[in-house]
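# Remarks on the overall topology
Residues per chain, in single letters:
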Amino acid sequence: MTNSLYQCMLCLAGLVVLTIGAFLIHWLQLRRITSFFGLFLVCIGTGGIKPCVSAFGADQVIAQLDHINNSRGTDNRGVVRISQSSSVQGSMEAEGKVRAFFASFYFCINVGAVTSISIIPIIRYHFGFGASFALPSVFITIAMLTFLSKRREYVHTKLDGSLFTTCKLCLWLIRKTISKNSWMVRFCPCIVPKRSPIESYNDDDPFNDDDPFITNQQLSDAQQAVNVMPILAMLPMFWMLYDQQSSVWTLQANRMNLHGLQPEQLNIINPIEIMVFIPLFERIIYPLFYNVFGFQLSHLQRMQFGMVLTAISFSISGLLETYLQKSEASSVSVFWQLPQITILAFAEILVSVTGLEFAYSKSPERLKAFLMGLYLVTTSLGNLLGGMLYSTIFATLNRATVMHICSILMVINLGIFCLVGKGYATSSLAVTAIDLNSRPDGSVQETLSDDIRKSVDGIELV
């Protein structure tokens, strides 16, 4: 809660700077500097708000489940067993509640998108940029006050130990896994970790944060987080294609018969469709699929279907582009873009909404906001990849060809995603067993089971 509040204040400060710059500063160079500084604050604040507020909101939902305290159990030998099936996130009830929350959360995001796209340009046109920045400042102030008014009713997750230690262990596990590939070692010898993270902990370590031992929870968190990361690594390709609807597809619309509309105004169609389709999926499509086939679609299956639809939408876009090039483009109605826009909206629900749910429900308690942040990073990586391709390879290619290449890239990405998904399903079924031996000072000595030792071979616990 505290992190979200501080980030909201940072975002508000950025909007206030933009408002002051637009109203009071008339020297162009100073206004530019002010605008960049304000946007920088908004970016930093937004980057902190998004992963924290989504994870915090889902925590409020999960905390209401009666079996929240039964996710861990100890057998008569003092062995703690942590498994997917025994965790609260793995239960059918928890998955249903988390899915409903993120569907509602995503619905609200698109309500804001529709409102801003439709209202802010009108305010800017009639009253200028100052008023268009001032209005969001007022709204975020109201949101902060509303958020604070319920602060005594929120459920807070108390986390013990060091997050830095867990993140360092994640990095070590990734390097250890990559180093098992001989060709990677030949290409980059420095990838091989020289020692376990435990060995770096001593009293002289400047990063020593009073957490001298790797605990059971940190070890389990790190392994679970590393298992999720390959799935997230498959999402940048989706975002590279998805965000082209506000760039490449807008340029395509600009050559068509707009019927008095501006090409940018078509961007409002996507959030409106998302607001309509989310309840459709939650109340009709998902339950109908369960009633007909007798099982619920998993996170990975939903994302796979979404990637298929993304490839189809870009194939349709390529066919439309080919038709525009062979005919009088200005005579073709812009509403012929509706099929590709609508199919991509379906794909967004299956990939993006499900991706948020997956990143939260499959991440450990201590690292939920961290993995939600990594999920959001996939968007920027996708945009970066798209910018690189369009400024180099795609720059000289026919637009229709580019659309079909994008479709093919998504199919290839889907194939890799399926392979990665099989590996994730296998690793998520493993049961971690950690023997606990008490220490006089209250810390623990962990002895790894054979299952987990295969994954973290080389760690020497103190």
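Now for a quick tour of the structure. (Residues numbered from 1 in each chain as written. Predicted model: local features only at pLDDT ≥ 70, side-chain atom pairs only at ≥ 80, totals over all residues. Heavy atoms only, no water.)

Next up on the list: a nonpolar patch on the surface. A contiguous nonpolar surface patch, about 570 Å² in accessible area, is contributed by Ile284, Ile285, Leu288, Val292, Phe293 and Phe295. Relative to the helices and strands, valine 292 resides in helix α10 (residues 269-293). Classification of valine 292 as exposed rests on a relative accessible area of 55%. (Patch = residues over 30% accessible without salt bridge, like charges linked within 9 Å, V, L, I, M, F, W, Y side chains within 5 Å. Areas by Shrake-Rupley, 256 points an atom, 1.4 Å probe, with all protein chains shown as cover. Salt bridge = Lys/Arg side-chain N within 4 Å of Asp/Glu carboxyl O. Helix = DSSP H or I, 4+ residues; strand = E, 2+ residues; numbered from the N terminus. Buried < 20%, exposed > 50% of the residue type's maximum accessible area, 1.4 Å probe, protein only.)

The next thing to look at is the side chain of asparagine 270. Within the secondary structure, asparagine 270 sits in helix α10. A polar contact of 3.2 Å, which involves the side chain of asparagine 270, links it to the side chain of tyrosine 242. Within the structure, asparagine 270 has its side chain in polar contact with the side chain of glutamate 348 (distance 3.1 Å). Aside from chain neighbours lying at most four places away, what touches asparagine 270 is Asn110, Tyr242, Gln245, Ile341, Ala345 and Glu348. (Polar contact = N/O pair within 3.5 Å; in protein donor to acceptor, adjacent residues only side chain to side chain. Contact = heavy atoms within 4.5 Å.)

Time to look at the packing of α10 against helix α12 (residues 338-361). Two numbers describe how α10 lies on α12: the axes approach to 9 Å, and their chain directions differ by 60 degrees. Between α10 and α12, the crossing angle belongs to the class labelled oblique. The two elements α10 and α12 meet at a crossing, and its hand is right-handed. Together, Ile269, Asn270, Glu273, Ile274, Phe277, Ile278, Phe281 and Tyr286 of α10 and Leu338, Ile341, Thr342, Ala345, Phe346, Glu348, Ile349, Leu350 and Thr354 of α12 make up the contact between the two elements. Tallied by class, the residues present in the contact of α10 with α12 amount to twelve nonpolar, three polar and two charged. (Axes fitted to C-alpha atoms, helices over the stretch in contact; angles between N-to-C directions. Parallel < 35°, antiparallel > 145°, perpendicular 65-115°, else oblique. Left-handed = near helix turned anticlockwise from the far one by under 90°. Nonpolar A, V, L, I, M, F, W, Y, C, P; charged D, E, K, R; others polar.)

Ranked by size, the top nonpolar core spans 76 residues in total, and within it Phe102, Leu235 and Tyr360 carry the most contacts. Sort the elements by how many residues they give to this core and α12 lands first, with twelve residues. Excluding residues within four positions of it along the chain, tyrosine 360 makes contact with Ala55, Ala58, Asp59, Ile62, Val98, Phe102, Lys368 and Met372. By size, the runner-up hydrophobic cluster in this structure holds ten residues, among which are Cys8, Leu18, Val42 and Met144. (Core = buried A, V, L, I, M, F, W, Y, C linked by side-chain atoms within 4.5 Å.)

The next point concerns the packing of α12 against helix α13 (residues 368-391). Look at α12 against α13: their axes get within 8 Å of each other, and the N-to-C directions meet at 150 degrees. Regarding the angle of α12 to α13, the classification is roughly antiparallel. Of the two possible hands of crossing, α12 and α13 adopt the one that is right-handed. Contact with α12, carried on its side by Val351, Ser352, Gly355, Leu356, Ala359 and Tyr360, involves Lys368, Leu371, Met372 and Tyr375 of α13 and no other residues of that element.

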